[in-house]
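Now for the letters of each chain:
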Amino acid sequence: MGTEREIRVRFAPSPTGALHIGGGHTALFNWLWARHKGGRFVLRIEDTDRERSTQAYEETIMSGMRWLGLDWDEGPDVGGVYGPYRQSERLNLYRENAERLVREDKAYREGEAIIFRVLPGEDLSFDDVVYGRIEVASDGLREKGSDELKDIVLIKSDGMPTYNYAVVVDDHLMNISHVIRGEDHISNTPKQILLYHALGWELPAFAHLPMILGKDKKKLSKRHGATSVYEFRDMGYMPDSVFNFLAILGWSPGDDREIFSRAEAVELFELSRVVRKPSVFDPDKLNFINQEHLKRLDPMTRLEMVRPFWQELGLPIASHDDAWLADALTLMGGRGKTAKELAGFSDYFVSFEPVKARYTPEFSEEEKADLKDFFTKLLAVPDWTDSALEAQAREWVAQRGVKMKDYAMTLRFALTGMKVSPGIFEVAQHLGRDETRRRLAHYGLI
RNA sequence: GGUCCCAUCGUCUAGUGGCCUAGGACACAGCCCUUUCAAGGCUGCGGCGCGGGUUCGAACCCCGCUGGGACCGCCA
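Owing to the predicted nature of the structure, the values given are computational and were not obtained by experimental measurement.

Sorry, what's going on with the domain arrangement of chain A here?
When the parts of a complex come together, some accessible area is lost, and that lost area is often used as the size of the interface. By domain assignment, chain A separates into domain 1 (8-85 + 212-280), domain 2 (90-209), domain 3 (297-351) and domain 4 (357-442). Look at where the C-alpha atoms of domain 3 and domain 4 centre, and you get two points 23 Å apart. Listed by partner, the interface residues are twelve residues for domain 3 and eleven residues for domain 4. The contact between domain 3 and domain 4 buries some 960 Å² in all, and 64% of this surface belongs to carbon and sulfur atoms. Contact with domain 4 buries area across many residues of domain 3, yet Trp324, Leu331 and Tyr348 alone supply 57% of it, more than any other trio. A salt bridge links Asp347 to Arg358; its shortest N-O distance comes to 2.9 Å. Our enumeration of links across domain 3 and domain 4 arrives at five residue pairs in polar contact (both at pLDDT 80 or more). Going through the elements one at a time, α11 (322-331), α12 (339-345) and α13 (347-350) are the ones with two or more residues in the side of domain 3 that touches domain 4. Broken down by element, the side of domain 3 that touches domain 4 gets its largest block of residues, four residues, from α11.

Next comes the structure, spelled out in structure tokens:
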């Protein structure tokens, strides 16, 4: 008991862009593992590329993680005993250890740079938590198109450490127990192992994650459309949905469960159940998952999801109380894959204006007389409930021997300006007698 | 070109030698429900890449082939 090494994992993005869906996936699995094991999740900023790193991107990445609900225990903003957590602030650490290697004749200087000498015959194989044993030929570090073993740059001419070196120093000094990262790093691992050996440090456990591919089976990139987690937020996907979707990309709980909460994912997550095959990002599946989460939301939370999109449409939300708006959304049932769609589909509850803009019918006098009779009697029902309204409507069409559909559709258009909506008598009930009358009057139907 | 990894329905996956005439989910199609569209219910379509072994028995183990992916920067 308590003899196992403390679980410490890290997500180490470089601040050269927004939080990408692939980065989110990696961050998520690290977070899941830390939370599942009761360990620590560290955020480290790898800003050694002076050209491309910016403070703004660092903040964007952090807020993207917060949006996804991935909170970290140590990081540049919250600190921690293993700090600092920005590589640009750890330069002395990289230099000290590199100079030690120079003194031990394991590395040499070349101008301002420090370069590690790669000797032949090293065993570069390792055990990966998800991939198992990875056998690497000792000459696996050969230079492209050459037979020469390629030495590893530790410190660049600008004084900054290279990725492969800094990651080793940091993971060791930050006492990282599991290095969980994308499969694209699998071929970097042997180099890093060489450095661990040279430095005399114990290896962390390595766990590589399958890549996320686009529909064309190529590594997901901008060409595939939305890739930053913010784009998904702006399209009306909920953080819990993106979280859920990312979690089942390359991992499954083993049973048939696919829709789950953060807490359930933490409970169920196992690194050993991560698959080895790259998976294709399927927007249809994301839509489905989002819709499921949207349906499960309590009315008030759903309202908060939809509110910004109603706002975006310029609708006068303030003229209704929240409970009424939330109920309107409940009436929408499973309609809409995203909060944005749901907002667009339900605008007529908030305001009559979009309805007027959409629906501009022209009735003949004959049609009008007929409809007027129908609607006048409908408006006169004693209790304004959907069942009473429907009963009245059915009685009226039965007497005339006409189709319910024709009248229900006219009512639907007049109330919503759309050809699809929830049950139209329910909509009328929710809008209320006065608002229904106002809308019908606008079209001259009463 | 070199190194490494991977291979079950279109997609995400379950499956670790017999329970598999391969299960679930998305998507797709049809039906039911119905004032519309969703939702929901039911049904259907669809897969172990190929070839050799091993075994009484292979989706599961081994080999080869084919296919796909990743990496080979003083980028991370």
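From this point, the narrative continues.
Is there a simple way to think about the protein's contact with RNA strand B in this case?
Taken together, 63 residues lie near RNA strand B, and Lys156, Ser157, Lys218, Arg335 and Arg394 sit nearest. The protein-proximal atoms of RNA strand B, defined as those within 4 Å of the protein, are 72% sugar or phosphate. Arg52 is positioned such that a nitrogen or oxygen atom in its side chain is 3.4 Å from a sugar or linking oxygen of RNA strand B. For the surface near RNA strand B, the secondary-structure elements that each account for two or more residues are β11 (279-280), α9 (283-296), α17 (404-416) and α18 (424-431). Among the residues forming the surface near RNA strand B, the class breakdown is 19 nonpolar, 14 polar and 30 charged.

Where do I start with the pattern of salt bridges in this structure?
Side-chain pairs of opposite charge can arise whenever the charged atoms involved come near each other. Within this structure, the stated rule accounts for 40 salt bridges. For Arg35, the salt bridge is made with Asp73, and the minimal N-O distance between the two is 3.1 Å. Taken as a pair, Arg35 in helix α1 (residues 21-37) and Asp73 in the loop between α2 (55-68) and α3 (91-103) lie far apart in primary sequence, 38 residues in all. We note a salt bridge from Glu312 to Lys340, for which the minimum N-O separation is 3.7 Å.

Would you explain the packing of α1 against helix α7 (residues 239-247) in this entry?
When two helices pack together, their arrangement is given by the angle between the helix axes and the distance between those axes. It is at 10 Å that the axes of α1 and α7 come closest, and there the two elements cross at 80°. One way to sum up the angle between α1 and α7 is to call them roughly perpendicular. In this structure, α1 contributes Ile21, Gly24, His25, Leu28, Phe29, Trp31 and Leu32 to the contact, and α7 contributes Val242, Phe243, Leu246 and Ala247. Looking at the contact of α1 with α7 residue by residue, the classes come out as nine nonpolar, two polar and no charged.

Scoring rules and cut-offs
- Per chain, residues are indexed from 1 in the order of the written sequence.
- Chains carry letters and ligands carry numbers; both start at the beginning, A for chains and 1 for ligands, and go up in the order they are written.
- Totals for whole chains, interfaces and linings use every residue, but because this is a predicted model, local features are given only for residues with pLDDT of at least 70 and side-chain atom pairs only at 80 or more, for both listing and counting.
- The side-chain values count all of the structure's non-hydrogen atoms but skip hydrogen atoms and water molecules.
- Domain delimitation in this document rests on an assignment produced automatically or drawn from a domain database.
- Two residues form a contact once any of their heavy atoms are found within 4.5 Å.
- Accessible area, probed at 1.4 Å, shrinks when two parts are joined; the buried area is that loss added up over both.
- Salt bridge, as applied in this entry: a Lys or Arg side-chain nitrogen positioned within 4 Å of an Asp or Glu carboxyl oxygen.
- Definition of a polar contact: a pair of N or O atoms within 3.5 Å, with one able to donate and the other able to accept a hydrogen when the atoms are protein atoms, and with sequence-neighbouring residues admitted only if both atoms are side-chain atoms.
- In this description a helix means any DSSP run of H or I spanning at least four residues, a strand means any run of E spanning at least two, and both kinds are numbered starting from the N terminus.
- Distances are taken per atom, and a residue is near a molecule or strand as soon as one of its heavy atoms is within 4 Å of it.
- Each residue gets one of three labels, nonpolar for Ala, Val, Leu, Ile, Met, Phe, Trp, Tyr, Cys and Pro, charged for Asp, Glu, Lys and Arg, and polar for the others, Gly among them.
- Only the contacting stretch of a helix is used when fitting its axis, a line to C-alpha atoms as for every element, and angles between N-to-C directions run 0 to 180 degrees.
- What sets the label is the angle itself: under 35 degrees gives roughly parallel, over 145 gives roughly antiparallel, 65 to 115 gives roughly perpendicular, and the rest give oblique.

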